Structures are given as C-alpha cells and as structure tokens.
Amino acid sequence: EKIEKGGFEHFMLKEIFEQPEVVHDVMRGRVRLDEGWLRLGGIADYLDRLKQAKRIVICACGTSWHAALLGEYLIEEFARIPVEVDYASEFRYRNPLVGVEDVVIVISQSGETADTLAALRTAKEKGAMVMGICNVVGSTIARETVCGMYTHAGPEIGVASTKAFTAQVAMLYMLALSLSKGRTMSDSEITLHLRELSEIPEKVARILELDSQIKLIAERFKDAKNFLYLGRGFNFPVALEGALKLKEISYIHAEGYPAAEMKHGPIALIDEDMPVIILATRDNTYAKILSNIEEVRSRKGRVIAIASEGDTEVSRLTEEVIYIPQASGPITPLLTVVPLQLLAYHIATLRGCNVDRPRNLAKSVTVE
Ligand code: G6P
C-alpha cells in the first residue's frame, strides 16, 4: 500500500497531486491545439443528435452531481442548449418529464452508483437518448449508455472524490465546446477556450505549491464547529464541493451557498466563531463578491478568501487569502476547487481523521 501511495501519506493527497496530469490525460487524443481541433470519439457519431436536443438533463450523485451542475453552467453559457440537473435519486422516483427529444447525461466516477444507474434506465424507458461520463472502464453505467466518454483519471482510491471531479469538469468543458461548434461559437473562439484548458495543468501545479500555506491556515481553523462556503456563478458549484469535502473527511458541519443567498438564511449564523470561505476570483461577479465579504466581516465572521493573483482588494478585507493563477470564469472551477480539497485534507488529518476511509461513507454506493 505504501508503494501504491507513491510517497504520499494518503491516497487522497496523492490523488489531489495527480490533478495536473489528470487534466492533461483527459485532453489526450481529443484536443490538438495547433489547429483548434477537438474530437470526442465516444460521442462523435451522436454529436448531431446531441446538438439538436430540445433539452439536456444531467443526473448524478455526490461529487459527480456538483460536476453536473457545472455542466449546466458550461453548456448553457457556451452552447445555449437548456440544461436541467437532477439528483439521480430524485429523478428516478419523481416520474420526470423526459422524452425522445431530450438527451440525458449520467455522470459517475465508479459507473456503479445504484441511483444513477436507475436514473439511466428510467430515462431510457422514457425514450431519451442516454449518454454517460464515467471513469471506470467497462462499468455498468458505461455499458448501458448509448454513447459516452471516459474521464481516464486512473483509479481513485480515496473515498472523497478529488481527481475524478476535476476530470469530469474538464470533460464537460470539452463537451460544451463541442456542442458549440458550428452553432454558437466560431472555431477561433473554441481554440481560445481550448488553449485556456491546456494551461490548466501548469496552473494547478502552481496551486499545489501552496500546500504548506494551506496547512497553516488549516491549523488555525481546524477546531471550528461550522464552516460556510460561498461562491457565485461558476464558483457556486465549487462552494458546494468544498463544503462536501470538508464534511466528508473532517466531520465538521459545512454548508455551501450561492453568496447572494446568504442573506436569506445563513447570515444569521455568522459570528466570530464562523469561518467563511469565499471564492473571490476575478470574474463578472467580483464586485458583488467583495460586498458579500463586507457583509460577513461586519458580522465578525472570519473570512478565508480564494483570490486571483495580483488582486489587492481582497487582502484588505480578509484574514486569510489564498492566491491562485488568473483564469476566465468558466474554467475557474478547475483551479478554485484545488485549495478547497487541500484545506479539507489538512483540517481532517490535523483532527486525526482517516481521510481515505471516512466513517459511514462508501466509495461506491451500489445499494439504495
Ligand atoms: C459516494 C462517494 C462520493 C461520490 C458519490 C457518487 O457517495 O463517496 O465520493 O461522489 O458516491 O459516486 P459516483 O461513482 O457515481 O461518481
């Protein structure tokens, strides 16, 4: 097992550190930058059908559901096709309104999650075309979908998903671009976005160098009883994922929220004992996020911000700032999620938790 961990103390940490390579691998054979070439082999024969979909519904569970939510933001932003996201467990029992004009995408790392498999079968019965995004090759979900794509992230051992999420999001980014081609985006625009994607491995590697800074922050906050994670736009699903990571492995109560929704509830919880992680990277929501930071500060909440390199505003307002490389909004989640994974990891290990095998959780939930 020690050898399998490749010198890392836990599988989870190893998998977090594999992410630059994972993003590289998910693009391999699918993208050629020089010509702005993008080809998703697993769906190539169905691409026209996908582009004509009246609506896309994405079903998943857990971390894969957070990737699904990003899928909605990406596909609607780039390809302008209406997307709906559902928890697989809800979709399967609520007699959903789907039919032959819809495409249902199921996302699953393991390809074996019982609810996701049932959602897939429900969608098929109702006549929708079903496409999969899975990591495990030959898994049940991969076999039962009509077409799909593998994320090629390699085996994920840590129960809390990290690199599989990154691979799913990179895959959805490429899918959204593919759906845009010849419809909502010119080839040169697509090339620009692909170029940004190709810069992600190096940018993630730079974030991983912040590991010791993040560990120091973890030491300062490890005894908190609650955490709030806030983000807007593309960073909202990341806030959900950051909070999920923390609760899964450290057993600290954490909630992710769209930053502007804070005033409709969570703001009542904020006091000097409440650390608030705020995703404050430079995008079109930046000014709004700064005012959310002020709202937390004026209630004595302790803010840990994730900000873009070169930003000087955020550090004036917050107790801790983690600076990450600049990137445009839609691709930012591939960066902002990384410090949140590391923060959860360090808080959990400092509290003596078994991060690779957290209590009560399973890597793959194959029963209801
Ligand atoms: C379990 C795991 C999570 C995972 C979820 C969905 O709850 O602990 O890490 O995100 O299942 O799994 P899937 O394999 O379908 O992505």
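You'll find the protein chain entered in an unreviewed UniProt entry as Glutamine--fructose-6-phosphate aminotransferase [isomerizing], with Pelodictyon phaeoclathratiforme given as the organism. UniProt's Subcellular location (unreviewed entry) comment on the protein chain is quoted here verbatim: "Cytoplasm". What the UniProt record of the protein chain gives under Subunit (unreviewed entry) is the line "Homodimer."

A. Inspection of the site of the ligand at higher detail. Surveying the vicinity of the ligand reveals 16 residues, the closest of which are Gly62, Thr63, Ser108, Ser110 and Thr113. Top contributing element to the shell around the ligand by residue count: helix α4 (residues 62–79), with 3 residues. Each residue belonging to the shell around the ligand can be placed in one class, and the counts come to 5 nonpolar, 10 polar and 1 charged.

B. Summary view of the environment of Val355. Relative to the assigned elements, Val355 resides in the segment after α15 (333–350). The spatial distance from the C-alpha of Val355 to the C-alpha of Val159 is 7.9 Å, given a sequence separation of 196 residues. Here Val355 is in contact with His10, Met12, Gly158, Ile249, Tyr345, Ala348 and Thr349, once residues within four sequence places are set aside.

C. Structural detail: the packing of helix α11 (residues 211–221) against α15. Packing of α11 against α15 brings their axes to within 8 Å, and their N-to-C directions diverge by 50°. Between α11 and α15, the angle is such that the two are oblique. Along this stretch, α11 crosses α15, giving a crossing that reads as right-handed. Between α11 and α15, the residues in contact are Asp211, Ile214, Lys215, Ile217, Ala218, Glu219 and Phe221 and Pro339, Leu342, Leu343, His346, Ile347 and Leu350, respectively.

D. Main features of the sheet that holds strand β10 (residues 275–280). Across the sheet, which stays open at both edges, the 5 strands sit in the order β9-β8-β10-β11-β12 with parallel pairing between neighbours. Each end of this open sheet is capped by a strand with a single partner; those strands are β9 (253–258) and β12 (320–324). Put simply, the sheet's adjacent strands are angled 15° from each other on average, direction ignored. Where β10 and strand β11 (residues 302–308) come together, 6 bridges link them in parallel fashion. Looking at the pairing, Ala280 lines up with Ala307 of β11. Along the sheet face, α15 touches β10, β11 and β12 and points at about 135° away from the line of β12.

E. The pairing of β11, seen in detail. Where burial is concerned, most of β11 is hidden: 6 out of the 7 residues are buried. As for the winding sense of the linkage, the β-α-β connection from β10 through helix α13 (residues 286–297) to β11 is right-handed. For β11 and β12, the ladder comprises 5 bridges, and the chain directions are parallel. Note that in β12 the partner of Ala305 across the bridge is Val321.

F. Main features of the pairing of strand β4 (residues 83–87). Here strand β3 (residues 55–60) runs beside β4; their pairing, made up of 5 bridges, is parallel. Within the sheet, the bridge partner assigned to Ile56 lies in β4 and is Val83. Taken together, β3, α4 and β4 constitute a β-α-β crossover, and its handedness is right-handed.

G. Helix α10 (residues 200–208), seen in detail. Listed in full, the buried residues belonging to α10 are Ile200, Lys203, Val204 and Ile207. Down the axis of α10, the sector holding all buried residues measures 100°, keeping them to one side.

H. Representation of the sheet that holds β3 in the model. One open sheet holds the 5 strands; their spatial order is β4-β3-β5-β6-β7, and the pairing between them is parallel. Of all the strands in the sheet, just β4 and β7 (147–150) have a single pairing partner and so form its edges. Taking the axes of each pair of neighbouring strands and ignoring which way they run, one obtains an average angle of 20° across the sheet. Bridge count between strand β6 (residues 129–134) and β7: 4 bridges; the pairing is parallel. The residue bridging Gly132 from the neighbouring strand is Gly148, located in β7. Together, β3, β5 (102–108) and β6 form the strand contacts of helix α6 (residues 114–125), whose direction differs from that of β5 by roughly 165°.

Reading the values: the criteria
- Residues numbered from 1 in each chain as written.
- Predicted model: local features only at pLDDT ≥ 70, side-chain atom pairs only at ≥ 80, totals over all residues.
- UniProt positions renumbered as here; feature names shortened; annotations may be inferred.
- Near = placed C-beta within 6 Å.
- Helix = DSSP H or I, 4+ residues; strand = E, 2+ residues; numbered from the N terminus.
- Nonpolar A, V, L, I, M, F, W, Y, C, P; charged D, E, K, R; others polar.
- Contact = placed C-beta atoms within 7 Å.
- Axes fitted to C-alpha atoms, helices over the stretch in contact; angles between N-to-C directions.
- Parallel < 35°, antiparallel > 145°, perpendicular 65-115°, else oblique.
- Left-handed = near helix turned anticlockwise from the far one by under 90°.
- Pairing = 2+ DSSP bridges.
- Buried ≥ 20, exposed ≤ 12 C-beta atoms within 10 Å, placed from the backbone.
- Right-handed = clockwise from strand over helix to strand, strands pointing away.
- Arc of directions from axis to C-beta.

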